[in-house]
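One letter stands for each residue in the lines below.
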Amino acid sequence: MSIAPIITGTTVNHTSTLIFMHGLGDTGHGWCELLGRIKLPDMKVICPNAPSQPVTLNGGARMPSWFDLKHLDMSGTEDEESLLATTRTVHDLVNNEIGKGISSTRIVLGGFSQGGALALYAGLTYTKPLAGIIGLSTWLPVHQTFPDAKRNNNTIPIFQGHGDIDPVVRYAYGQQTAKILESFMRNVTFNTYHGLMHSGSDAEMNDVKAFLQTCLR
């Protein structure tokens, strides 16, 4: 990642970490500020910034992107090579936190839209247990490779939130992702936000906070 992550520190002793990835064309600044309002007192929030690279979906224009996208749907046509490369970077961020004394079971991976897709993929393919995974307005990339691609245990709590009028990542894709996850994961929560488009909301953020409190208690 060419730009340093945005980090919000703790107000007390650091015992947990949330690593949260932004959506296509965005940066980590806005999400780090928003998550800073709901994070737990002992939690550090890390919001990495995606590198700028050509995106096929947008006619090859360069923009902050975690991996190349041909379509925003459930066709499973994401560029697996770039997905794997950025997944290794996320795993390195997790390993860095572990190196600082934070147990993997006190680390949550999360993200919005393309960042949520990365969070789901990186969390499921990490080899140590995590506290939880958060995917907002998102989908599971290269879903046809699961459950074979899964390297983690099947008890990691997963929280999905999706607006039912999302015009970018369709609500049906979120529902389909939840069904796929439920076929091999035991603790999947899918929350619907009525009237919400491709964005977050106060209600969703409150649910994210409750999820963090539950999986890090």
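Keep in mind it's a predicted model, so treat the numbers as computed, not measured.

Engineer: Sorry if this is basic, but what is going on with the sheet that holds strand 8 (residues 158-163) here?
Structural biologist: Backbone-to-backbone hydrogen bonds pair the strands of a sheet. The strands run either parallel or antiparallel. Taken together, seven strands build an open sheet; the order of strands is 1-3-2-6-7-8-9 and the sheet is mixed. Either end of the sheet is taken by a strand with one partner, and the two such strands are strand 1 (6-8) and strand 9 (188-193). Taking each pair of neighbouring strands and ignoring which way they run, the sheet shows an average axis angle of 15°. Bridging between strand 7 (residues 132-136) and strand 8 involves four bridges; their strand directions are parallel. Bridging across to strand 8, isoleucine 133 finds its partner in isoleucine 158.

Engineer: Honestly, the environment of aspartate 79 in this entry has me stumped. Any pointers?
Structural biologist: Following the sequence through the fold, aspartate 79 ends up in the loop between strand 5 (61-64) and helix 2 (80-99). For aspartate 79, a relative accessible area of 25% translates into the label partly exposed. Those residues in contact with aspartate 79 that lie beyond four places of it in its chain are Phe67, Asp68 and Lys70. Polar side-chain contacts of aspartate 79 include one of 2.7 Å to the side chain of serine 82.

Engineer: Which parts of the structure should I look at to understand the side chain of histidine 143?
Structural biologist: Take histidine 143: it is sitting in the loop between strand 7 and strand 8. Residue histidine 143 is classed as buried on the basis of its relative accessible area of 17%.

Engineer: Is there a simple way to think about the packing of helix 2 against helix 3 (residues 114-125) in this case?
Structural biologist: The geometry of a pair of packed helices is captured by two quantities: the angle between their axes and the separation between those axes. Helix 3 packs onto helix 2 with a crossing angle of 70° between their chain directions and a minimal axis gap of 9 Å. It follows from the interaxial angle that helix 2 and helix 3 lie roughly perpendicular. Between helix 2 and helix 3 lies a crossing of right-handed hand. Contacts from Glu80, Leu83, Leu84, Thr86, Thr87, Val90 and His91 in helix 2 reach Leu118, Tyr121, Ala122 and Thr125 in helix 3. Classifying every residue of the contact of helix 2 with helix 3 by side-chain character gives six nonpolar, four polar and one charged.

Engineer: Would you take a moment to explain the packing of aromatic side chains for this structure?
Structural biologist: Centre-to-centre distance and the angle between the planes together describe a pair of aromatic rings. By the definition in use, this model includes six aromatic pairs. Between phenylalanine 159 and phenylalanine 211, the aromatic rings sit 5.7 Å apart at their centres with planes inclined by 40°, giving tilted as the arrangement. You can see phenylalanine 159 sitting in strand 8 and its partner phenylalanine 211 sitting in helix 5 (residues 202-215), a full 52 residues away along the chain. Residue classification places phenylalanine 159 among the buried residues on the basis of a relative accessible area of 3%.

Engineer: Could you clarify how one ought to interpret the pairing of strand 5 in this entry?
Structural biologist: Each regular strand displays side chains that alternate between the two surfaces of the sheet. Direction of pairing for strand 4 (residues 52-55) relative to strand 5: antiparallel, over a ladder of four bridges. Looking at strand 5, one finds that glutamine 53 is bridged to methionine 63. As consecutive antiparallel partners, strand 4 and strand 5 are separated by five residues, and within that stretch glycine 59 has a phi angle of approximately 70°, a positive value.

Engineer: Which parts of the structure should I look at to understand the environment of threonine 15?
Structural biologist: Positionally, threonine 15 belongs in the loop between strand 1 and strand 2 (16-21). Classification of threonine 15 as partly exposed rests on a relative accessible area of 26%. Considering only alpha carbons, one finds threonine 15 and lysine 44, 29 residues apart in sequence, at a separation of 8.2 Å. Those residues in contact with threonine 15 that sit more than four places away from it in its chain are Asp42, Ile102 and Arg106.

Engineer: In this structure, what is going on with the pattern of salt bridges? I would like to understand it.
Structural biologist: Here the idea is simple: oppositely charged side chains can pair when their charged atoms come close. Counting across every chain of the model gives four salt bridges. We note a salt bridge from glutamate 97 to lysine 44, for which the minimum N-O separation is 3.0 Å. Here glutamate 97, found in helix 2, pairs with lysine 44, found in strand 3 (residues 43-47); they are 53 residues apart in sequence, far enough to count as distant. When its relative accessible area of 0% is taken as the criterion, glutamate 97 is described as buried. Of the charged contacts in the structure, one is a salt bridge between glutamate 97 and lysine 100, with a shortest N-O distance of 4.0 Å.

The rules behind these values
- Residues numbered from 1 in each chain as written.
- Predicted model: local features only at pLDDT ≥ 70, side-chain atom pairs only at ≥ 80, totals over all residues.
- Heavy atoms only, no water.
- Pairing = 2+ DSSP bridges.
- Helix = DSSP H or I, 4+ residues; strand = E, 2+ residues; numbered from the N terminus.
- Axes fitted to C-alpha atoms, helices over the stretch in contact; angles between N-to-C directions.
- Buried < 20%, exposed > 50% of the residue type's maximum accessible area, 1.4 Å probe, protein only.
- Contact = heavy atoms within 4.5 Å.
- Polar contact = N/O pair within 3.5 Å; in protein donor to acceptor, adjacent residues only side chain to side chain.
- Parallel < 35°, antiparallel > 145°, perpendicular 65-115°, else oblique.
- Left-handed = near helix turned anticlockwise from the far one by under 90°.
- Nonpolar A, V, L, I, M, F, W, Y, C, P; charged D, E, K, R; others polar.
- Phe/Tyr/Trp six-rings, centres within 6.5 Å; stacked < 30°, edge-to-face > 60°.
- Salt bridge = Lys/Arg side-chain N within 4 Å of Asp/Glu carboxyl O.

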